[in-house]
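# Residue-level structural notes
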Amino acid sequence: MYDAPAPMISETELRDLEAEYCSWGDTVHYLDHPKFFETCEGSYMYDAEGRAFLDLQMWYSTVNFGYRNPRLNAVAHRQLDRLPQVASQHLHREKVELAALIARDAQAKFGAKGRVHFNVGGAQAVEDSLKLVRNASNGKSLMFAFQGGYHGRTLGASAITSSYRYRRRFGHFGERAHFVEFPYHFRGPKGMSKEEYGSHCVRNFERLFDSEFNGVLDLKAGEAEYAAFYVEPIQGTGGYVIPPKNFFIELKQVLDRYGILLVVDEVQMGIYRTGKLWSIEHFGVQPDVLVFGKSVTNGLNPLSGIWAKEALINPTVFPPGSTHSTFNANPMGTSVALETLRMAMEGDYERSVAEKGAYFLAGLKDLQARWPQLGEVDGLGLALRAEICQSDSYTPDKPLLDRMVAEGLKGDLNVGGRTMGLILNVGGYHKNVITLAPSLDITTEEIDLALKLLDALLRRCVDA
């Protein structure tokens, strides 16, 4: 017999308990009173009063296929009733089928046989990839990464994430990455096209190899001290910065010349966020290692992983026990991920995401024409950015964006006779960019609603 459920605790009591007993280290208290939500459905979150909040960040691009997706929820329920738990030393069919699906797809797209290795969170998969490339390079521990890049907050992932604030409290990181300029055209040198700026950034990187005194290459041995270059094809926390199409092609030529591996972090942009399964597919290069996570299970159960070329990950070079997590290939996660990929591949998301993204971007450009505070809008698929600036359309205006985020969470915006809220996410080098990651199943009517809500927020917050 089950005991009767405990009485509901009021939100006021919950806030008191949270203030006393919850670490703030695992959450983000950007607001004095973070919002409580009770339910969710599709593109919306709902508070205890039943107010709807249109979500344009979907758990940091995790719930790509909508909250409480019926097909994926049904798989989770079936797996819970059949095989919800199994130790990772044993096999289960979902793990094997999922690995084969990802590896076969990668072989068809990248022309290289590889294998798939699972973990739980994106940062943990990054840690596994660091072990993989260190092992493949005979223990080289130095990496290149981008300014504005974000790869997680575990110790190893923090070392290749450019923001010092993620490392500041935790001592010296002796093997911190060498951070290289990313082609952020809106804030780059004036007078260059986007493509010219991309080539300019590659040439600056390439100059590091001109002399041994730049500290990256032994010219006599022809060997670089660095094992890999970690990249996000589209910068996530950095503000959804989209590089020119020529950039990664030119960068990869330099890396191949000096035997440096290309590790592609798809944790935020993977699973059709940009209209491709992997965002690197837009840029014409073949990764050596690819890291994924987040939306592979639509947020229902933690799962992440890496795909790597056979020479890097086959069992003779990366044997059993090279990494381990109790929950690494858990059946709940792998079953939902398998269904997520099957559903996505059946659903023609490559076409629909491109169309919806173009429609949303056109609407943002219409807003930009009316609001000089929108300094730049850009996007690829449904990874969209709106840079909030002062009235000169260039100077970053973080306080304005902070006001917009807070006002959106009040839930009192009036649009078309409806009273509701809007959930936004903040990113960018100056924390002044709205990073828009709506559900891939967002409707054109919901996109229109989102644009009206953004307009209402600007009207409320500009010069407030």
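Relevant structure appears above.
What comes next concerns the included structure. (Residues numbered from 1 in each chain as written. Predicted model: local features only at pLDDT ≥ 70, side-chain atom pairs only at ≥ 80, totals over all residues. Heavy atoms only, no water.)

### Notes on the overall build of the protein chain
Within the protein chain, the regular secondary structure consists of 13 helices and 18 strands. Computed over its C-alpha atoms, the radius of gyration of the protein chain comes to 23 Å, within 12% of the 23 Å expected for a compact globule of 464 residues. For the protein chain, the spread of C-alpha atoms along the principal axes amounts to about 70 × 65 × 45 Å. Every one of the 464 residues in the protein chain was classed for burial, and the buried ones make up 53%. Within the protein chain, counting contacts between residues at least 6 apart in sequence, those at least 24 apart form 71% of the total. Roughly 21,400 Å² of accessible area belongs to the protein chain as shown, and the carbon and sulfur atoms make up 52% of that amount. Distance from the positive charge centre (49 side chains) to the negative charge centre (57 side chains) of the protein chain: 3 Å. (Helix = DSSP H or I, 4+ residues; strand = E, 2+ residues; numbered from the N terminus. Rg over C-alpha atoms; globule rule 2.2 N^0.38 Å. Buried < 20%, exposed > 50% of the residue type's maximum accessible area, 1.4 Å probe, protein only. Contact = heavy atoms within 4.5 Å. Areas by Shrake-Rupley, 256 points an atom, 1.4 Å probe, with all protein chains shown as cover. Lys, Arg positive; Asp, Glu negative; His and termini not counted. Charge placed at Lys NZ, Arg CZ, Asp CG, Glu CD.)

### Notes on the packing of helix 11 (residues 349-370) against helix 13 (residues 444-461)
Here helix 11 crosses helix 13 at 20°, and the two axes come no closer than 10 Å. With respect to each other, helix 11 and helix 13 are oriented roughly parallel. Handedness of the helix 11/helix 13 crossing: right-handed. Mapping the contact onto sequence places K356, Y359, F360, G363, L364, L367 and R370 in helix 11 and T444, I447, D448, A450, L451, L454 and D455 in helix 13. Looking at the contact of helix 11 with helix 13 residue by residue, the classes come out as eight nonpolar, two polar and four charged. (Axes fitted to C-alpha atoms, helices over the stretch in contact; angles between N-to-C directions. Parallel < 35°, antiparallel > 145°, perpendicular 65-115°, else oblique. Left-handed = near helix turned anticlockwise from the far one by under 90°. Nonpolar A, V, L, I, M, F, W, Y, C, P; charged D, E, K, R; others polar.)

### A word on the pattern of salt bridges
In the structure shown here, the tally under the stated rule is 32 salt bridges. E49 serves as the salt-bridge partner of R51, at 3.2 Å between the closest nitrogen and oxygen. The class of R51 is partly exposed, set by a relative accessible area of 30%. Across the pair E346 and R71 runs a salt bridge, and its minimum N-O distance is 3.0 Å. With a gap of 275 residues between them, E346 in helix 10 (residues 331-346) and R71 in helix 3 (residues 70-82) connect regions that are remote in the sequence. (Salt bridge = Lys/Arg side-chain N within 4 Å of Asp/Glu carboxyl O.)

### Quick notes on the packing of helix 3 against helix 10
The geometry of helix 3 relative to helix 10 is characterised by a closest axis approach of 9 Å and an angle of 150° between their N-to-C directions. One element, helix 3, and the other, helix 10, form an angle in the roughly antiparallel class. For the element pair helix 3 and helix 10, the recorded crossing hand is right-handed. Residues R71, L72, V75, A76, Q79 and L80 of helix 3 form the contact with helix 10, whose own contacting residues are P331, M332, S335, V336, E339, T340, R342, M343 and E346. Among the residues forming the contact of helix 3 with helix 10, the class breakdown is eight nonpolar, three polar and four charged.

### Quick notes on the packing of aromatic side chains
By the definition in use, this model includes 24 aromatic pairs. Ring centres of F65 and Y349 lie 5.1 Å apart, and the angle between their planes is 85°; on these two criteria the pair is classed as edge-to-face. With a gap of 284 residues between them, F65 in the loop between helix 2 (58-61) and helix 3 and Y349 in helix 11 connect regions that are remote in the sequence. The burial state of F65 is the same as that of Y349; both residues are buried. Ring pairs connect the aromatic residues F144, F146, F182, F205, F209, Y226, F229, F247, F248, Y258 and F283, which therefore count as one cluster. (Phe/Tyr/Trp six-rings, centres within 6.5 Å; stacked < 30°, edge-to-face > 60°.)

### With respect to the sheet that holds strand 15 (residues 413-415)
Strand pairing in a sheet is mediated by backbone hydrogen bonds. Such pairs are either parallel or antiparallel. Across the sheet, five strands lie side by side as 1-2-3-16-15; this open sheet has mixed pairing. Of all the strands in the sheet, the pair left with one neighbour each is strand 1 (39-41) and strand 15. Neighbour to neighbour, the strand axes of the sheet diverge by 40° on average, direction disregarded. Two strands pair when backbone bridges link them, and strand 1 and strand 2 (residues 44-46) are joined in this way by three bridges, in the antiparallel orientation. Among the inter-strand pairings, C40 is bridged to a residue of strand 2, identified as M45. Along the sheet face, helix 13 touches strand 2, strand 3 (52-55), strand 15 and strand 16 (418-423) and points at about 130° away from the line of strand 15. (Pairing = 2+ DSSP bridges.)

### Comments concerning the pairing of strand 3
Two faces, one strand: in a regular strand the side chains alternate between the faces of the sheet. Side chains A52 and L54 of strand 3 all project onto a buried face; the interleaved residues F53 and D55 project onto the opposite face, where all are buried too. Both strand 2 and strand 3 contribute to a ladder of three bridges, which runs antiparallel. Within strand 3, the residue paired with Y44 across the bridge is L54. Counting the residues between successive antiparallel strands, the hairpin from strand 2 to strand 3 contains five residues, one of them, G50, with a positive phi of roughly 85°.

### Describing the environment of E339
The topology assignment puts E339 in helix 10. For the pair E339 and V75, spaced 264 residues apart in the sequence, the C-alpha separation amounts to 7.4 Å.

### Some points on the sheet that holds strand 17 (residues 426-427)
The strand order across the open sheet formed by four strands is 13-14-18-17, and the pairing between neighbours is antiparallel. On the outer flanks of this sheet lie strand 13 (374-380) and strand 17, each paired with one strand and no other.

### Some details on the nonpolar core
In terms of nonpolar packing, the biggest core is built from 118 residues, with F144, F205, F209, F229 and F248 touching the most fellow members. Beyond its immediate stretch of four places on either side in the chain, F248 contacts F146, F182, V231, E232, P233, P243, I280, F283 and V285. Among the nonpolar cores identified, the runner-up in size contains 25 residues, and A177, F179, I313 and F318 belong to it. (Core = buried A, V, L, I, M, F, W, Y, C linked by side-chain atoms within 4.5 Å.)

### Structural notes on the environment of S295
By the element assignment, S295 lies in the loop between strand 11 (289-292) and strand 12 (304-309). Residue S295 is classed as buried on the basis of its relative accessible area, which comes to 0%. Distance in space between the C-alpha atoms of S295 and N64 is 5.9 Å, their sequence separation being 231 residues. Those residues in contact with S295 that sit more than four places away from it in its chain are S61, T62, N64, F65, G270, I271 and T340. In this structure the side chain of S295 is engaged in a polar contact, spanning 3.2 Å, whose partner is the side chain of N64. (Polar contact = N/O pair within 3.5 Å; in protein donor to acceptor, adjacent residues only side chain to side chain.)

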